[in-house]
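Residue-level structural notes
So the chains spell out like this:
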Amino acid sequence: MRASDLLTPTPQGLYCPLADVFIDPVRPVARALITHGHSDHARSGHGAVLATEETLGVMAVRYGPDFAGATEVARLHEPIAINGVTFMFAPAGHVLGSAQIAVEKDGMRIVVSGDYKRARDPTCEAFEPIPCDVFITEATFGLPVFRHPALEGEIAKLLSSVELFPDRTHIIGAYALGKAQRMAALLRAAGYERPIFIHGALEKLMEFYQRHGVDLGEIRLASVKDKKDLRGEIVLCPPSAIQDLWSRRFADPVTAFASGWMRVRARARQRGVELPLVVSDHVDWDDLCATIKEVGAGEIWVTHGQEEAIVHWCGTQGIAARPLRLVGYGDEGEAEPDAAPTEAGAS
Ligand SMILES: [Zn+2]
Ligand SMILES: [Zn+2]
C-alpha cells in the first residue's frame, strides 16, 4: 500500500479513494470526515458528516441543525471501518472536540492532524502523538521566528494592564471558537474572579462550551448604557469588533488581540492593537519540529501555511517532506462566520 493510494490531495480536499470519503473538504461532498469546527475545515452542505460529538455540536450551533444530510458521531480512539479502511479519531488539542484522524490499511498509517497545538489549553483534550508512516501537518506558524512565549506571561501582562488602568475597559479580540473560551479559562486559572463580559457574537459558543462542562466562571453580555459602565472590566469580542463602532461605546478602551500573529509587531500596529497578546491555538516552530520527531513518520505532508521552511528542515533531518498546497484553509479562523461585527448583537 502506497501512501498516495490511501490519501490524495484534490481540489475538494484530502480524499481517500478506497473509502470514498474526504477529510475537511472545502466544497460539498457526499461523505466528509471533519477534524474540528473552524469554518475553513467544517463547512455545511455535505451529504454525511462523521466527526466528534462536540464538532457536530459546533456545526449545529453555527449552521443550524440541518448542516448536513446525515451525521454520525466518531468516538475518540474507536476505530471505524469504511470499505476496509480504518479511521480513528484522537485529540488534537486545538479547540473543543478537535481531533486528528488516523487513516490505516495494510500496515500503512497516515495521520491527518487538522489544526493542533501542544501548549496548555484547559478547554480541550491535549494532543496525543500517534506513531505513523506519514504525518500530515499544517504550518501556520512554520517559521523559526515563531516561538510562542509562555502563556502565564501573556495573561500576567493583561492583568497588570487591568490593574494599572482601572478607569479603562480592556477589549480583547479573540476568535469565536476556541480562543475566546481559552482566554476566559486562562484568566480563571490565573485567579481572575470578576465577571468576564462578552460581545453578543460570542454568546452561543460560550454557552456551548459551558454546556460541555468547560468552567469559564461568570460570563455576562457586555451591555453598556453609560460609558462608565464597564470601567476596569475585561470584555471579549470577535477580532473585527476591536476596530469598529462597537468598541467606541466603552470608556477609553485598551484594545488587545489574542493571537499567534501578535508576535509580528506590524500586524498589531495594522489592527490598531495597543496590547498584543501572543496566545495561539497552533503549534509554533519548536513544537512543530518536536511533534514531527515524536510521531516518527518517515514522510511529512504539509497542508498549508509556511511550508518552505519546515520542508527544508525535514530534509536536514533525513525526513521526506512535500507541500500539498491545499487551497481554502485560513489561519486561526480568520473567516469565522460569526466573527462579523454585529452592532445589534452586543447592545
Ligand atoms: Zn482551526
Ligand atoms: Zn485551519
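Scroll up a little and you will see the structure.
Presented here is a report on the structure given in the accompanying data block. Computed from a predicted model, the values in this text were never measured in an experiment. (Residues numbered from 1 in each chain as written. Chains lettered and ligands numbered in written order. Predicted model: local features only at pLDDT ≥ 70, side-chain atom pairs only at ≥ 80, totals over all residues. Heavy atoms only, no water.)

On to the overall build of the chain, then. A count of helical and extended segments in the chain gives eight helices and 19 strands. In terms of principal-axis extent, the alpha carbons of the chain reach across some 65 × 45 × 30 Å. Excluding contacts between residues fewer than 6 apart, the proportion of contacts in the chain whose partners are at least 24 apart in sequence is 61%. When the accessible surface of the chain is totalled, it reaches about 13700 Å², and 50% of it is carbon and sulfur. In the chain, 35 positive and 46 negative side-chain charges are present, and the distance between their average locations comes to 5 Å. (Helix = DSSP H or I, 4+ residues; strand = E, 2+ residues; numbered from the N terminus. Contact = heavy atoms within 4.5 Å. Areas by Shrake-Rupley, 256 points an atom, 1.4 Å probe, with all protein chains shown as cover. Lys, Arg positive; Asp, Glu negative; His and termini not counted. Charge placed at Lys NZ, Arg CZ, Asp CG, Glu CD.)

Right, let's talk about the coordination of the zinc ion (ligand 2) for a bit. Geometry sets the ideal angles at a metal, namely 109.5 degrees for four tetrahedral donors and 90 or 180 degrees for six octahedral donors. Each protein donor to the zinc ion (ligand 2) is listed here as His41 (NE2) and Asp115 (OD); together their distances run 2.1 to 2.2 Å. In this structure, the zinc ion (ligand 2) lies 3.6 Å from the zinc ion (ligand 1), and both are coordinated by aspartate 115. Taken as a pair, histidine 41 in the loop between strand 4 (31–33) and strand 5 (46–51) and aspartate 115 in the loop between strand 10 (108–112) and strand 11 (134–139) lie far apart in primary sequence, 74 residues in all. Since its relative accessible area comes to 3%, histidine 41 is described here as buried. (Donors = N, O, S within 2.8 Å, 3.2 Å for Na, K, Ca; no water. Buried < 20%, exposed > 50% of the residue type's maximum accessible area, 1.4 Å probe, protein only.)

Residues of helix 5 (residues 203–211) that are buried include every one of Leu205, Met206, Phe208 and Tyr209, and no others. The arc that holds the buried residues of helix 5, viewed along the axis, is 160 degrees, so those residues lie on one side. In helix 5, those exposed residues whose orientation departs by more than 90 degrees from the buried face are Lys204 and Arg211. Contacts made by the buried residues of helix 5 are with helix 2 (53–63), helix 4 (179–189), strand 13 (196–198), strand 14 (219–221) and strand 15 (234–237). (Arc of directions from axis to C-beta.)

With that settled, consider the pairing of strand 19 (residues 320–323). The sheet contact formed by strand 18 (residues 299–305) and strand 19 spans four bridges and is parallel. From the neighbouring strand, isoleucine 300 faces strand 19, where its bridge partner is alanine 321. Handedness of the strand 18-helix 8 (residues 307–316)-strand 19 crossover: right-handed. (Pairing = 2+ DSSP bridges. Right-handed = clockwise from strand over helix to strand, strands pointing away.)

A separate point is the packing of helix 3 (residues 151–164) against helix 4. Following both chains from N to C, one finds helix 3 and helix 4 inclined at 80 degrees, their axes separated by 10 Å at the closest point. The orientation of helix 3 relative to helix 4 falls into the category roughly perpendicular. From helix 3, Leu151, Ile155, Leu158 and Leu159 reach across to helix 4, where they touch Arg182, Met183, Leu186 and Leu187. (Axes fitted to C-alpha atoms, helices over the stretch in contact; angles between N-to-C directions. Parallel < 35°, antiparallel > 145°, perpendicular 65-115°, else oblique.)

Coordination of the zinc ion (ligand 1) by the protein comes from His36 (NE2), His38 (ND1), His94 (NE2) and Asp115 (OD), over a distance range of 2.1 to 2.3 Å. Taken together, the four donor atoms surrounding the zinc ion (ligand 1) define angles of 90 to 162 degrees at the centre, an arrangement classified as irregular. If you list the donors of the zinc ion (ligand 1) from N- to C-terminus, the spacing comes out as H-x1-H-x55-H-x20-D. (Tetrahedral: all angles 85-135°; square planar, octahedral: opposite > 155°, others 65-115°.)

Without other data, these values stay purely geometric and don't point to any function.
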